[in-house]
Amino acid sequence: MSYTNKGKGWMKPKAGIRVNPKRKRSAIIGGITISKERISFNYSIHDKPSLNSEDVIDYLRKVVREGEKTVIVMDNAKIHGEKVREFLEEKGVEYVYLPPYSPDKSPAEGPWALLKAKLYKKIYTDFETLIWDTRRYLQSISKRGKDLKYSIERCGEPWTSILNVVTLPFKV
């Protein structure tokens, strides 16, 4: 089977998506949240082509809960820089950066792969339908506890220890 590079990753030739009418773009930020109540995938969709530190901070405001121990694990993207670190320190949130070029250590890669697999099955002719499907798929992914748990377990340590410490009071 052959693959082509479309600038943002490798995909099968003649695979889905295709929209271009006036080249609209959106950006999504998201991550897996592990708490005593559940495992979920939280996300935020922005109607602009790229994200900045302020978008990351807005997302973190929704995820970080006052009075709960929180550890944020992020990659080394430029938007996770100084402003984000200052925000997390101000809130008393621990943070850890993944080693460079290590998507295999990021549990969030699992949900993103599920999203891409769904979206690339269809050819979209308008941007609104693509975004609608994206929202719908993200909502369903966020409720798939078993898949999210698998995404965490496949990354090994320290993730499996985190799962054991949280002691989930529910069946996944």
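Located above this text is the structure these notes cover.
The shown structure was predicted, so the numbers you read here are calculated from the model rather than taken from an experiment.

(A) Summary view of the overall build of the protein. A tally of regular secondary structure across the protein gives six helices and six strands. Each of the 172 residues in the protein was classed as buried or not, and the buried ones make up 35%. Contacts spanning at least 24 positions in sequence make up 56% of the contacts within the protein whose residues lie at least 6 apart. When the accessible area of the protein is evaluated, it comes to approximately 11,500 Å², of which 52% is carbon and sulfur surface.

(B) Spotlight on the pairing of strand S4 (residues 39–46). Counting buried positions over the eight residues of S4 gives six, a clear majority of the element. As defined by bridge partners, strand S3 (residues 27–34) adjoins S4 across eight bridges and the pair is classed as antiparallel. In the sheet register, Ile 34 faces S4, and the bridge partner there is Ile 39. Once S3 ends, the chain turns through four residues before running back antiparallel as S4.

(C) Highlighting the nonpolar core. Core analysis: the biggest nonpolar cluster contains 19 residues, and Phe 41, Trp 112, Leu 115, Leu 119 and Leu 138 have the highest contact counts within it. Within the residue set of this core, elements represented by two or more residues are S4, helix H3 (109–119), helix H4 (127–142), helix H5 (145–153) and helix H6 (159–166). Per-element tally for this core: the top contributor is H4, with six residues. Apart from residues no more than four positions distant in its own chain, Phe 41 is found in contact with Gly 30, Gly 31, Ile 32, Ala 108, Pro 111, Trp 112, Leu 138, Ile 141, Ser 142 and Leu 148. With 15 residues, the next largest nonpolar core counts Val 63, Val 64, Leu 88 and Val 93 among its residues.

(D) Layout of the pattern of salt bridges. Evaluation of the coordinates by the stated rule reveals seven salt bridges. For Asp 55, the salt bridge is made with Lys 48, and the minimal N-O distance between the two is 2.7 Å. Take Asp 55: its relative accessible area is 6%, and that puts it in the buried class. By relative accessible area, which is 27% here, Lys 48 ends up partly exposed. Arg 61 is the salt-bridge partner of Asp 58, the closest N and O atoms lying 2.9 Å from each other. Of this pair, Asp 58 and Arg 61 both sit in helix H1 (residues 53–63), three residues apart, which is roughly one turn of that helix. Several salt bridges converge on common partners, so that one network encompasses Lys 122, Asp 133 and Arg 136.

(E) Fine view of the side chain of Asp 55. Looking at where Asp 55 falls in the secondary structure, it is placed in helix H1. Each residue touching Asp 55, except ones within four places of it in the same chain, is listed here: His 46, Lys 48 and Ser 50.

(F) Spatial organisation of a negative patch on the surface. On the surface, Glu 82, Glu 86, Glu 89 and Glu 90 cluster together into a negatively charged patch. Turning to its location among the elements, Glu 90 is positioned in helix H2 (residues 82–91).

About the criteria used
- Residues numbered from 1 in each chain as written.
- Predicted model: local features only at pLDDT ≥ 70, side-chain atom pairs only at ≥ 80, totals over all residues.
- Heavy atoms only, no water.
- Helix = DSSP H or I, 4+ residues; strand = E, 2+ residues; numbered from the N terminus.
- Buried < 20%, exposed > 50% of the residue type's maximum accessible area, 1.4 Å probe, protein only.
- Contact = heavy atoms within 4.5 Å.
- Areas by Shrake-Rupley, 256 points an atom, 1.4 Å probe, with all protein chains shown as cover.
- Pairing = 2+ DSSP bridges.
- Core = buried A, V, L, I, M, F, W, Y, C linked by side-chain atoms within 4.5 Å.
- Salt bridge = Lys/Arg side-chain N within 4 Å of Asp/Glu carboxyl O.
- Patch = residues over 30% accessible without salt bridge, like charges linked within 9 Å, V, L, I, M, F, W, Y side chains within 5 Å.
- Lys, Arg positive; Asp, Glu negative; His and termini not counted.
- Charge placed at Lys NZ, Arg CZ, Asp CG, Glu CD.

As far as function goes, none of this settles anything; it's purely spatial.
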